[in-house]
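# Residue-level structure breakdown
Here is what each chain is made of, one letter per residue.
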Amino acid sequence: MKGFLKWISTISRFTKMQLDKEFKDLGFNSSQHIYILKICEDPGIAQEDLLTAFNVNASNVTRALAHLEKENYIVRVQNRDNRRCYNIYPTQRAKDVCPVIKDALKRWNSKILEGFTEEEKHLFLEFLTRAGNHMLDFVYHR
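Parameters and conventions
Residues numbered from 1 in each chain as written. Predicted model: local features only at pLDDT ≥ 70, side-chain atom pairs only at ≥ 80, totals over all residues. Heavy atoms only, no water. Salt bridge = Lys/Arg side-chain N within 4 Å of Asp/Glu carboxyl O. Helix = DSSP H or I, 4+ residues; strand = E, 2+ residues; numbered from the N terminus. Buried < 20%, exposed > 50% of the residue type's maximum accessible area, 1.4 Å probe, protein only. Phe/Tyr/Trp six-rings, centres within 6.5 Å; stacked < 30°, edge-to-face > 60°. Pairing = 2+ DSSP bridges. Contact = heavy atoms within 4.5 Å. Axes fitted to C-alpha atoms, helices over the stretch in contact; angles between N-to-C directions.

### Side note on the pattern of salt bridges
Under the counting rule described, the total for this entry stands at 7 salt bridges. Across the pair Glu118 and Lys121 runs a salt bridge whose closest N-O atoms are separated by 3.2 Å. Of the two residues, Glu118 and Lys121 both sit in helix H6 (residues 118-140), 3 residues apart, roughly one turn of that helix. Among the residues examined, Lys121 registers a relative accessible area of 28% and is labelled partly exposed.

### A look at the packing of aromatic side chains
The full count for this structure, using the stated rule, is 4 aromatic pairs. Aromatic side chains Phe28 and Tyr73 sit 5.3 Å apart centroid to centroid with 85° between the ring planes, which places their arrangement in the edge-to-face category. In this pair, Phe28 sits in the loop between helix H1 (4-23) and helix H2 (33-41) while Tyr73 sits in the loop between helix H4 (58-70) and strand E2 (74-78), placing the two residues 45 residues apart along the sequence. Here the two residues Phe28 and Tyr73 agree in accessibility, since each one is buried.

### Some details on the sheet that holds strand E3 (residues 86-90)
Ordered by their spatial adjacency, 3 strands build an open sheet running E1-E3-E2, and the pairing between neighbours is antiparallel. In this open sheet, the two edge strands, each paired with only one partner strand, are strand E1 (45-46) and E2. Bridge count for E2 against E3 is 5 bridges, and the pairing is antiparallel. Following the sheet pairing, Ile74 is matched in E3 by Pro90. Sitting on the sheet, H2 is in contact with E1, E2 and E3, with an inclination near 95° to E3.

### Overview of unusual backbone geometry
The phi torsion at Asn55 lies on the positive side, around 55°, for a residue other than glycine. Note on placement: Asn55 falls in the loop between helix H3 (47-54) and H4. At Asn72, a residue that is not glycine, the phi angle is positive and equals roughly 65°. With respect to the secondary-structure elements, Asn72 resides in the loop between H4 and E2. On the basis of relative accessible area, Asn72 is assigned to the partly exposed category, the value being 43%.

In C-alpha cells:
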C-alpha cells in the first residue's frame, strides 16, 4: 500500500514533537509520559511489567525511570520477596500531573482525528490495533 508507512511515520513524528513541546516545562518528554500514567494507574507495578506494557526493552525502561525518579515523579522500592526486582510508585507530583498529561493527549488525539465520524474513529483504532498486534506476533513469534 503506497504511502502507508509515510503517514504512520508522519503521525508518529509530529506527535512526538508536539508532546515534547507540551511536556518540556514539566521535566519529561513524549517517551516518558506513558510511564507516569501507567504508574499512577497501577501504583506498585513491577518494573519488569512495564516492559510488556509498552513493548520496549529493559534499557529503555531503566533510563526512563531513572529520569522520572530524578525529577521526583516516581520512587522505586526494592521488592522484599525478590531483591533484584523493584516496584514503582508515583509521587504526589506524578499524581498532580496526570490530568495535565491526559488533557494534552485528548487534545492531540482530537486534532489527529478531526473530521472523522465516530464510526471512522472506531475503525481507525481497530485497524491500528490489528496491525500492531500483527507486528507483535511477527517480532515475538507469538
